[in-house]
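# Observations on chain architecture
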Amino acid sequence: MSFTALLIDDERKALAILKNKLERFCTNIVVIGETQSPVEGLALIEKLNPQLVFLDVAMPEMSGFDLLAKIPNPTFEIIFVTAFDSYAVDALNHCAIGYLVKPVDNQSLIATVLKAIKNIEAKTALEKNKLLIENLGVQSFQDRKMVIPSQEGLEFVKIDSIIHCEGTDGYTKIHFDDRKSILSSNSIGHFNKLLKNSDFFLVHKSHLINLDHIQKYLNEGTLILSNNHKVPVSRNRRVDFLKTFKNS
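Residues numbered from 1 in each chain as written. Predicted model: local features only at pLDDT ≥ 70, side-chain atom pairs only at ≥ 80, totals over all residues. Heavy atoms only, no water.

Grouped together as the largest cluster of nonpolar side chains are 24 residues, with contacts concentrated most on I8, I45, L55, F80 and L132. Looking at this core, the elements that each hand over two or more residues are β1 (3–8), α2 (38–48), β3 (52–56), α3 (64–69), β4 (77–82), α4 (87–94) and α6 (125–136). Sequence-distant contacts of L132, that is, excluding residues within four places in its chain, are made with F65, L68, F80, A91, L92, C95 and I97. Within the second largest apolar cluster, 19 residues are counted, among which are F3, L22, C26 and F54. (Core = buried A, V, L, I, M, F, W, Y, C linked by side-chain atoms within 4.5 Å. Buried < 20%, exposed > 50% of the residue type's maximum accessible area, 1.4 Å probe, protein only. Helix = DSSP H or I, 4+ residues; strand = E, 2+ residues; numbered from the N terminus. Contact = heavy atoms within 4.5 Å.)

Considering only enclosed or pocket space, the largest pocket measures out at about 620 Å³ in volume. Along the wall of the largest pocket there are 31 residues; nearest its centre are N93, I97, Y99, K115 and H190. Secondary-structure elements contributing two or more residues to the lining of the largest pocket are β4, α4, β5 (98–101), α5 (106–122), β6 (145–150) and α7 (188–194). At six residues, α5 tops the list of elements feeding residues into the lining of the largest pocket. Of the residues assigned to the lining of the largest pocket, the class counts are 15 nonpolar, nine polar and seven charged. Estimated volume of the second largest pocket: approximately 230 Å³. Forming the boundary of the second largest pocket are 17 residues, of which A14, I17, L18, K102 and V104 lie nearest the centre. Elements that contribute at least two residues to the lining of the second largest pocket include exactly β1, α1 (12–25) and β3. (1 Å grid on protein atoms, 1.4 Å probe; cavity = no way out; pocket = protein on both sides within 12 Å on 5 of 7 lines; lining within 4 Å. Points joined across faces, edges and corners; volume = space filled by probe spheres on them. Nonpolar A, V, L, I, M, F, W, Y, C, P; charged D, E, K, R; others polar.)

Helix packing geometry: the angle between the two helix axes and the distance between the axes. For the pair α1 and α5, interaxial distance at closest approach is 11 Å and the crossing angle is 70°. Put simply, α1 runs roughly perpendicular to α5. Across from L18, K21, L22 and F25 in α1, the residues of α5 making contact are N106, L109, I110 and V113. For the contact of α1 with α5, a count of residues per class yields six nonpolar, one polar and one charged. (Axes fitted to C-alpha atoms, helices over the stretch in contact; angles between N-to-C directions. Parallel < 35°, antiparallel > 145°, perpendicular 65-115°, else oblique.)

With the rule as written, the count across this model stands at six salt bridges. Between K19 and E34 there is a salt bridge, with the nearest N and O atoms lying 3.0 Å from each other. In this pair, K19 sits in helix α1 while E34 sits in strand β2 (residues 29–35), placing the two residues 15 residues apart along the sequence. Given the relative accessible area of 36%, E34 is considered partly exposed. Between R179 and E155 there is a salt bridge, with the nearest N and O atoms lying 2.4 Å from each other. Taken together, the residues span a long stretch of sequence, with R179 in the loop between β9 (171–176) and β10 (182–184) and E155 in strand β7 (residues 153–158) at a distance of 24 residues. Under the relative-accessibility criterion, R179 is labelled partly exposed at 32%. Given a relative accessible area of 13%, E155 falls into the buried group. The network of salt bridges with shared partners includes D9, D56 and K102. (Salt bridge = Lys/Arg side-chain N within 4 Å of Asp/Glu carboxyl O.)

So, in structure tokens, the structure goes:
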């Protein structure tokens, strides 16, 4: 089965390289259009109705994010292509949207395209794209939302509602203040990396906690959280944790 793709990047060389790599390594992707102009890209999206759009983030006329925001119901899967990996990548990660960092690595391209195809088949693009647009307009990290793949599908949750992430056998059980817990197939390390710039702290190899949901710290190295769960603090993390806790 083949899937149609549109390529949008203001650099002609980048377009040529990406198209060549897709033809060599992702033979089920059919490129039906390409452009260096994001304005023309908008018109091509409407005209060609691609299933997948490779979209550069930084372009002179408008950014890839600005382009996406101009589309009322973006139902196509997106793979952003970026030369930087700071704020943009944080936003993409929280929304489970694919991205590639330039220069594009062959294995990363193959893995990202395979994931995009699964998303196309699951028809999850519209919800994720709308969430990305919403998050980009939110200034506070804690006011943002994130997508968590669970056993039942995709869960859209506010980061601030997460009390505690609990690692178990390679999975992560996530506890909230406003809904029942969910089990994610992603590891605790994945969530630690995803939430590294927020008020979360890995107090134990299996426990990532939201500092805003701490109720009490007991002298023997145990935390009591807002849901009354007790969480251990590893001996080798107590000093750093207490410094963070005192400054939080």
